[in-house]
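The primary structure of each chain is shown beneath.
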Amino acid sequence: MSKWLNPRSAFGIALIAAALIALPFVAAMGGQAWVRILNFAILYVFLALGLNIVVGFAGLLDLGYIAFYAVGAYTYALLASPHFGLHWPFWVILPIGAAVACFFGVLLGSPTLKLRGDYLAIVTLGFGEIVRIFLNNLNAPINVTNGPQGITLIDPVAFGDFRFSGTSQILGVSLSGPQKYYFLLVALAIFVIIINLRLQNSRIGRAWQAIGINTRNLKLLAFAMGASFGGVAGGVFSAMQGFVSPESFSLIESIMILAMVVLGGMGHIPGVILGAVLLSILPEVLRYGVGPLQMALFGKMLIDPESLRMLIFGLALVLVMRFKPAGLWPSPERKRELSEKRAGAV
């Protein structure tokens, strides 16, 4: 505890806090779209930290993690929309969404714990696709999910009469809906990060990475806990968007979240956060910058901005994995492990 009380650490925390408070106002100068991009970056931090429990701590490959995100989103949508005529409060639904996603995590983990490598990847990939297909088809004979049309008019987050949609005056400061969601997401993110840090340093966290003990139940717990973070992120996503549909939970999203964990540094919480922020914001910067850059250099569009954006994005990932195989910010243990492997190869 004392390491957080020394002047240098206190100054660093104060600087980060000031930057986080100022960030949505600076981003709003470029339009509310940039504030929304920040909000989605924080959501991806939730998802990457949840997947890191499974992949980074427990060493299990999960390509269907987006299914838990979908479960949380639809749980919120069904309990806070006119679809079933239910309008439960946000603070009640969010734990329910986490619990339902946790149940699905156990459901996936129980029969797959004996699988390893490619076999586990294929099964988890299939699970993610099955959930998406179910959501796409559960509109007959009983309309549960409204099929591919999705669920609309989902209630925003509200505490009493204070709603996070629309613009409000708080202490004389005008805050837009995305800016209010930003501060809510930052508060939730701090809570999630603290849980991850405590978990990593706990007996359970150390047991996940241990060798030679019966870890079946512990790895099942990893699936369940990782899934619960996805459920929380899905509930907030549903409230922010006011609309959910199965197309938001495709396989490419699962792969993107896994890339965030690997790029940042598996098993290292600061690295995972860095990977999530970079891979969620960088594509949007390229989306808005590639077109104007071509016009400035060539006076016309030579390559479709969307195609060029993904090409640059993919090339950047390949280069990082080539020259930084442990990730951009790996844990000391991971760096030492790779150094030993290289020394052994020589």
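Since this is a predicted model, take the numbers as computed values, not measurements.

(A) Spatial organisation of the overall build of the chain. Secondary structure summary: the chain contains twelve helices and six strands in total. Against the compact-globule benchmark of 20 Å for 346 residues, the chain has a radius of gyration of 21 Å, which places it among compact chains. Oriented by its inertia axes, the alpha-carbon framework of the chain measures out at about 60 × 55 × 55 Å. Among the 346 residues that make up the chain, the fraction classed as buried is 44%. Long-range pairs, those at least 24 residues apart, make up 71% of the contacts in the chain with a sequence separation of at least 6.

(B) The arrangement of the nonpolar core in detail. Core analysis: the biggest nonpolar cluster contains 87 residues, and Leu-43, Phe-46, Tyr-69, Val-236, Val-244 and Phe-249 have the highest contact counts within it. When residues no more than four places from it in sequence are discounted, the contact partners of Tyr-69 are Leu-43, Leu-47, Gly-230, Ala-233, Gly-234, Phe-237 and Phe-249.

(C) Structural detail: unusual backbone geometry. For the bond running from Ala-140 to Pro-141, omega is 0 degrees, close enough to zero to count as cis. Locating Pro-141 in the fold gives a position in the loop between helix 5 (117–137) and strand 3 (158–159). At Leu-171, a position not held by glycine, the phi torsion is positive, near 55 degrees. Mapped onto the elements, Leu-171 comes out in the loop between strand 5 (168–170) and strand 6 (173–175).

(D) Structural context of the environment of Val-35. Structurally, Val-35 can be placed in helix 2 (residues 32–57). As a C-alpha pair, Val-35 and Ala-316 span 281 residues in sequence and 25 Å in three-dimensional space. Apart from the residues within four sequence positions on either side, Val-35 is in contact with Pro-24, Ala-27, Ala-28, Pro-178 and Gln-179.

(E) The arrangement of the environment of Gln-179 in detail. Within the secondary structure, Gln-179 sits in helix 6 (residues 177–200). For Gln-179, a relative accessible area of 5% gives the class buried. It is 8.8 Å that separates the C-alpha atoms of Gln-179 and Phe-164, two residues lying 15 residues apart in sequence. Look past the residues within four positions of Gln-179 in its chain and what remains in contact with it is Pro-24, Phe-25, Ala-28, Gln-32, Val-35 and Ser-174.

(F) How the structure looks around helix 4 (residues 90–112). Its 23 residues place the ends of helix 4 33 Å apart at the C-alpha level, agreeing with the 33 Å of an ideal helix rising 1.5 Å per residue. By the burial criterion, the buried members of helix 4 are Phe-90, Ile-93, Leu-94, Gly-97, Ala-98, Ala-101, Gly-105, Leu-108, Gly-109 and Thr-112. Packing partners of the buried residues in helix 4 comprise helix 3 (66–79), strand 1 (80–81), helix 5, strand 3, helix 6 and helix 8 (216–241).

(G) The arrangement of the packing of aromatic side chains in detail. Per the stated rule, a full pass over the model turns up 16 aromatic pairs. Aromatic side chains Tyr-69 and Phe-237 sit 5.4 Å apart centroid to centroid with 45 degrees between the ring planes, which places their arrangement in the tilted category. Here Phe-237 lies in helix 8 and Tyr-69 lies in helix 3, a separation of 168 residues in the sequence. Taken individually, Tyr-69 and Phe-237 each receive the classification buried, so the pair is uniform in this respect. Through successive ring pairs, a cluster of aromatic residues spans Tyr-76, Phe-90, Phe-159, Phe-162, Phe-164 and Tyr-181. Over the aromatic face of Phe-162 sits the side chain of Lys-180, whose NZ or CZ is 5.2 Å from the ring centroid. Over the face of the ring belonging to Phe-323 we find Arg-322, whose NZ or CZ atom lies 5.2 Å from the ring centre.

(H) Highlighting the side chain of Lys-219. With respect to the element layout, Lys-219 can be found in helix 8. Not counting the four nearest positions on each side in its chain, Lys-219 is found in contact with Ala-58, Leu-60, Leu-113, Arg-116 and Trp-208.

(I) Representation of the side chain of Asp-62 within the structure. By the secondary structure assignment, Asp-62 is in the loop between helix 2 and helix 3. A polar contact of 2.9 Å, which involves the side chain of Asp-62, links it to the backbone nitrogen of Gly-64. Once residues within four sequence positions are removed from consideration, Asp-62 is found in contact with Leu-51, Val-54, Val-55, Phe-68, Leu-108, Thr-124 and Phe-223.

(J) The arrangement of the packing of helix 2 against helix 6 in detail. Packing of helix 2 against helix 6 brings their axes to within 9 Å, and their N-to-C directions diverge by 15 degrees. One element, helix 2, and the other, helix 6, form an angle in the roughly parallel class. Two packed elements cross with a definite hand, and for helix 2 against helix 6 that hand is left-handed. Its residues placed into classes, the contact of helix 2 with helix 6 shows 18 nonpolar, five polar and one charged.

Rules and cut-offs
- Residues numbered from 1 in each chain as written.
- Predicted model: local features only at pLDDT ≥ 70, side-chain atom pairs only at ≥ 80, totals over all residues.
- Heavy atoms only, no water.
- Helix = DSSP H or I, 4+ residues; strand = E, 2+ residues; numbered from the N terminus.
- Rg over C-alpha atoms; globule rule 2.2 N^0.38 Å.
- Buried < 20%, exposed > 50% of the residue type's maximum accessible area, 1.4 Å probe, protein only.
- Contact = heavy atoms within 4.5 Å.
- Core = buried A, V, L, I, M, F, W, Y, C linked by side-chain atoms within 4.5 Å.
- Expected span 1.5 Å × (residues − 1).
- Phe/Tyr/Trp six-rings, centres within 6.5 Å; stacked < 30°, edge-to-face > 60°.
- Lys NZ or Arg CZ within 6 Å of the ring centre and 35° of its normal.
- Polar contact = N/O pair within 3.5 Å; in protein donor to acceptor, adjacent residues only side chain to side chain.
- Axes fitted to C-alpha atoms, helices over the stretch in contact; angles between N-to-C directions.
- Parallel < 35°, antiparallel > 145°, perpendicular 65-115°, else oblique.
- Left-handed = near helix turned anticlockwise from the far one by under 90°.
- Nonpolar A, V, L, I, M, F, W, Y, C, P; charged D, E, K, R; others polar.

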